[in-house]
Each structure stands twice: as structure tokens, then as C-alpha cells.
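# Structural overview for review
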Amino acid sequence: MMWTAFLATWRAMLTDKGALTLLFVGGVLYSFFYPLPYTKEIVQRVPVAVVDQDRSSMSRQMTRFAIAHPALSVVAVTPDLPTAQHLLWGGKVMGVLIIPDGLQTDVLAGRAAQAHVAGNGLYLMLNKVALNGLAEVVGTVSAGIELKRLAAGTPSSYQASDQRSPIAFDAVPLFNVKEGYGAYVVPGVATLIVQQTLLIGMTMLFGTWHQRRTFPLAQRTAGGYAGMLLAFASVALLNCCYFFGFVFWFQDYPRGGNFGGLVLLLVLFSLAEAAFGMLLAMLFRTRERGTQLMIATSMPILFLAGLTWPVGSMPVALQWLRWLLPSTAGIQGFVALNQLGASVYEIRHEVAGLAGLFVVCAALGWRRYNSCDVSQVTASGLTRPAKTN
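Residues numbered from 1 in each chain as written. Predicted model: local features only at pLDDT ≥ 70, side-chain atom pairs only at ≥ 80, totals over all residues. Heavy atoms only, no water.

Let us look at empty space enclosed by the protein. Empty space among the atoms becomes apparent when a probe as large as a water molecule is rolled across them. Taken as a whole and assessed by the stated rule, the structure comprises one cavity of 30 Å³ or more. Looking at the largest cavity, its volume works out to about 40 Å³. Contributing to the lining of the largest cavity are Tyr-30, Ser-31, Tyr-34, Pro-35, Val-186, Val-189, Ala-190, Ile-193, Phe-243 and Val-247. Looking at the lining of the largest cavity, the elements with two or more residues in it are helix H2 (17-33), helix H8 (181-212) and helix H9 (222-250). With four residues, H8 is the single largest residue contributor to the lining of the largest cavity. Of the residues assigned to the lining of the largest cavity, the class counts are nine nonpolar, one polar and no charged. (1 Å grid on protein atoms, 1.4 Å probe; cavity = no way out; pocket = protein on both sides within 12 Å on 5 of 7 lines; lining within 4 Å. Points joined across faces, edges and corners; volume = space filled by probe spheres on them. Helix = DSSP H or I, 4+ residues; strand = E, 2+ residues; numbered from the N terminus. Nonpolar A, V, L, I, M, F, W, Y, C, P; charged D, E, K, R; others polar.)

Written out as C-alpha cells, the structure reads:
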């Protein structure tokens, strides 16, 4: 009975064009479409302007350093501040370096000197790169001046460098080696894509079955329920394997940290996702309602997972309720295993959360499934015409 239900559910999925598109084609399209804006990983050549009111050798050096900076593209050098403001407000530049008059004179006199940077806060990533790049330009010039002063009182430039930085610091990214946005956000969102496409496809199927009052199997047995659950879990498993096995390799994201732990979490996540989806899908009476709900809740679910929003900033109630979603433990666990190389012990909370969610949803889903009112159907999923008096 279980394998009959398994095959009948697969047959129903493959013969429903809408569900087939979401369950299988949707993930493939997302795997190429969603990472596309992040293919370059790091923002470079952000347009900036330099307001040189000092017109000194030091200000010209700052301008040359800004031109040479790999993250910046100097599109205008002007002594007129309103001109730079017009470029910034018009969106033609994302940042402005303002070198005030008398900067070099203050530096040579040993007085505190200041250079100013401004950015366009409407574009967060561009604004960050522009401000950081311009700040690095000012810092590099300032460090060079400090080294010259130290070199005047020391025998060599090496000693001057050691005096300025007595503790060596070398930043080496261990996991997100490119420090790119795509490698940060796409691995977590991939899990959400698997979840949402599966849930939408399942709600479409169950909505259709409810409207037509048909199910793939007439018999309401534990084996039939288990067969349907395994069929949906196999879809989640296949989609996860596609993303973690092919997409991460094709997009060159960090991957393969802990294969054994990944297999364990894949099984638990697929089962929990299928059980959660069946319980949720049996609450819908129409084919369209599930699609509307899943699309509207996708972004809040991503925030609740704690990937792009710190968990400590959430209300305490949400910190607990978010574990009712398979994506919470799935995103945290898969990122830890795939990208960070965590051990199974280190993701024990995620493992326990998925196992507990599977048991609860499977029990509630079986109770709901056993009480659903459907028409008489054959084992192949074809409706048998009802007799009329």
C-alpha cells in the first residue's frame, strides 16, 4: 500500500502541469535567475567625485589614490562643492571626497586636519563601498605622512613601519573567501526556495483534490499516508541535492564542509518539510490560496530564519515560534554544514528541531488526512463515477 501510494502521488505530481512546474522547473529557473545579480560578488568601480579645494600636492595625491582604488571610479574632479552635490543628488556619483582648503598647510604645521566624505544612502551597497573606499584613500595618505615623520627619527623605514604598527594584522576570510554578497545570501535562500516551491506545489495539488473531491488513493491507511509523505519528501530531497550538489559548484559558492552531516540533515529536512507541507496543504480548499499565502510570506520567513536579520533583535515570542518552520533549522543547519564545515554536534539544535517538527506534523497530518472527506477513487488516482439514483 505504501509504495502504491508513493507511485500514485508521483503520477499526480507529474500529470499536474502547475504543480510540475513549481516542484521541478521552478527550482531550476531560480537556481540561475536568483544568483545572477550577485555574479560579480564584490561591488567595484563605484562612481565618485573629488572636490579639491586645497589644490596642493597632497590633495592631488589623494585624487591619484582615489583613481587607483579598485572599488572606485573617479568621474569628476572639481573645486566647486555645489557641482559635486548636483552629481550626488542626480545619482551620477555615489560618493564625494571633499578636500578643504588649507589641508596641506595644517598637516605641515602639525595641526589636526580633516577631509570629508559623503555618500548616497539610498543605495546601501554602493554607499558602503564608496564611503569605505574614500576613507581608505584618506587613511592611506595619512599613514604615509605618519611613516615619514617616524622615519625622520629612526634609522630605517622598516623600524618606522614597525613603530606605527607594532602588532601585525592579516585578515584572512575563512569561509566566504571572496567576501561577496552572493556567497553570503544565496546558500541560505536556496533552502527557502526548496521549501516554498514544494509548499506551493503541494497546496495546489491538495486544493485541486479537495475541489474535485478526489485523492490519489481511496483507502485511508497509515501506509497510504506514509507513501504520500515519502513521495513529497523525495521531491524535497532531489531539489536539495540539485542545489547543494550542482548549483553551488556551478556558481562557485563555498560547499562540501561536512558530507555525512549534510546527508543526515537532508533526510530530516525533507521528511519534516513533507510532513509540514501535507498538514498545511490539507487546510486549503482552493488551488490558488496556497500560492498567494506562500508568496506573501516568503520574505518574512527568510528574516525569521536569522540569516539576514539577527535573532537577538526579534521579539522573544518570534524567537520560539520561528522553529515551527522547517526553513529555520534548515537554513541554519545547511549553511553551517555546507559553508562552515560544522559537525553534527554543533547543529544538534537544528537536528532536534527538524526531528521534533517531523513527528508532530506527521501525527497531526495523519489525523487530518484520515478525516478528510473524499469521493471514491481508484488506486491509480482516477475518479470513479459516483452512482446516481
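Before going further, it helps to spend a moment on the nonpolar core. Ranked by internal contacts, the top residues of the largest apolar core, which has 77 residues, are Met-13, Phe-206, Trp-209, Leu-229, Phe-232, Phe-244 and Met-278. Among the elements of the structure, helix H1 (2-15), H2, H8, H9, helix H10 (259-281), helix H11 (287-304), helix H13 (326-338) and helix H14 (348-371) are those that each provide at least two residues to this core. With residues near it in sequence (within four places) discarded, Leu-229 still touches Leu-271, Ala-274, Ala-275, Met-278, Phe-358 and Ala-362. Among the nonpolar cores identified, the runner-up in size contains 19 residues, and Ala-66, Leu-72, Leu-97 and Val-141 belong to it. (Core = buried A, V, L, I, M, F, W, Y, C linked by side-chain atoms within 4.5 Å. Buried < 20%, exposed > 50% of the residue type's maximum accessible area, 1.4 Å probe, protein only. Contact = heavy atoms within 4.5 Å.)

Pairing analysis gives six bridges linking strand E1 (residues 46-52) to strand E2 (residues 72-78), with the strands arranged parallel. Bridging from a neighbouring strand, Val-51 pairs with Thr-78 of E2. With helix H3 (residues 57-68) bridging E1 and the parallel E2, this β-α-β connection has right-handed handedness. (Pairing = 2+ DSSP bridges. Right-handed = clockwise from strand over helix to strand, strands pointing away.)

Turning our attention to the pairing of E1. Of all seven residues in E1, six are buried, a share of seventy percent or more. With five bridges joining them, E1 and strand E3 (residues 95-99) adopt parallel strand pairing. Across the sheet, Val-51 pairs through a bridge with Ile-98, a residue of E3.

What follows deals with the sheet that holds E1. An order of E2-E1-E3-E4 is seen for the four strands of this open sheet, with the pairing classed as mixed. Two strands close off the open sheet at either side, each with one partner strand: E2 and strand E4 (116-119). Across the sheet, the mean angle from the axis of one strand to that of its neighbour is 20°, orientation sign disregarded. The sheet contacts of helix H4 (residues 81-89) involve E1, E2, E3 and E4, and relative to E3 the element is tilted by about 170°. (Axes fitted to C-alpha atoms, helices over the stretch in contact; angles between N-to-C directions.)

With 18 residues, H11 ought to run about 26 Å at 1.5 Å a step, and its terminal C-alpha atoms sit 26 Å apart, in line with that. At Ser-298, H11 shows its maximal bend, which comes to roughly 45°, and the proline Pro-300 appears one to four places after that position. Listed as buried for H11 are Arg-287, Gly-290, Met-294, Ile-301, Leu-302 and Leu-304. Lining the buried residues of H11 we find H2, H8, H10, helix H12 (316-321) and H13. Phi for Gly-306, located one or two positions after H11, is positive at around 85°. (Expected span 1.5 Å × (residues − 1). Bend = angle between axes of the 7 residues up to and from the residue.)

What follows concerns the pattern of salt bridges. Evaluated as defined, the whole model comprises two salt bridges. A salt bridge links Arg-287 to Asp-16; the nearest nitrogen and oxygen atoms lie 2.6 Å apart. Of this pair, Arg-287 sits in helix H11 while Asp-16 sits in the loop between H1 and H2, placing them 271 residues apart in sequence. Per residue, the accessibility class of Arg-287 equals that of Asp-16, and both read buried. As a salt-bridge pair, Arg-111 and Asp-106 come within 2.9 Å of each other at their nearest N and O atoms. Residue Asp-106 is classed as partly exposed on the basis of its relative accessible area of 22%. (Salt bridge = Lys/Arg side-chain N within 4 Å of Asp/Glu carboxyl O.)

Here we come to the packing of aromatic side chains. Taken as a whole and assessed by the stated rule, the structure comprises 18 aromatic pairs. An angle of 35° between the planes, with centres 6.2 Å apart, marks the rings of Trp-366 and Tyr-369 as tilted. With Trp-366 and Tyr-369 both in helix H14, this residue pair falls three residues apart, about one helical turn. Using a relative accessible area of 29% as the deciding quantity, one classes Trp-366 as partly exposed. (Phe/Tyr/Trp six-rings, centres within 6.5 Å; stacked < 30°, edge-to-face > 60°.)

Functional significance is not addressed by these values, which are geometric in nature.
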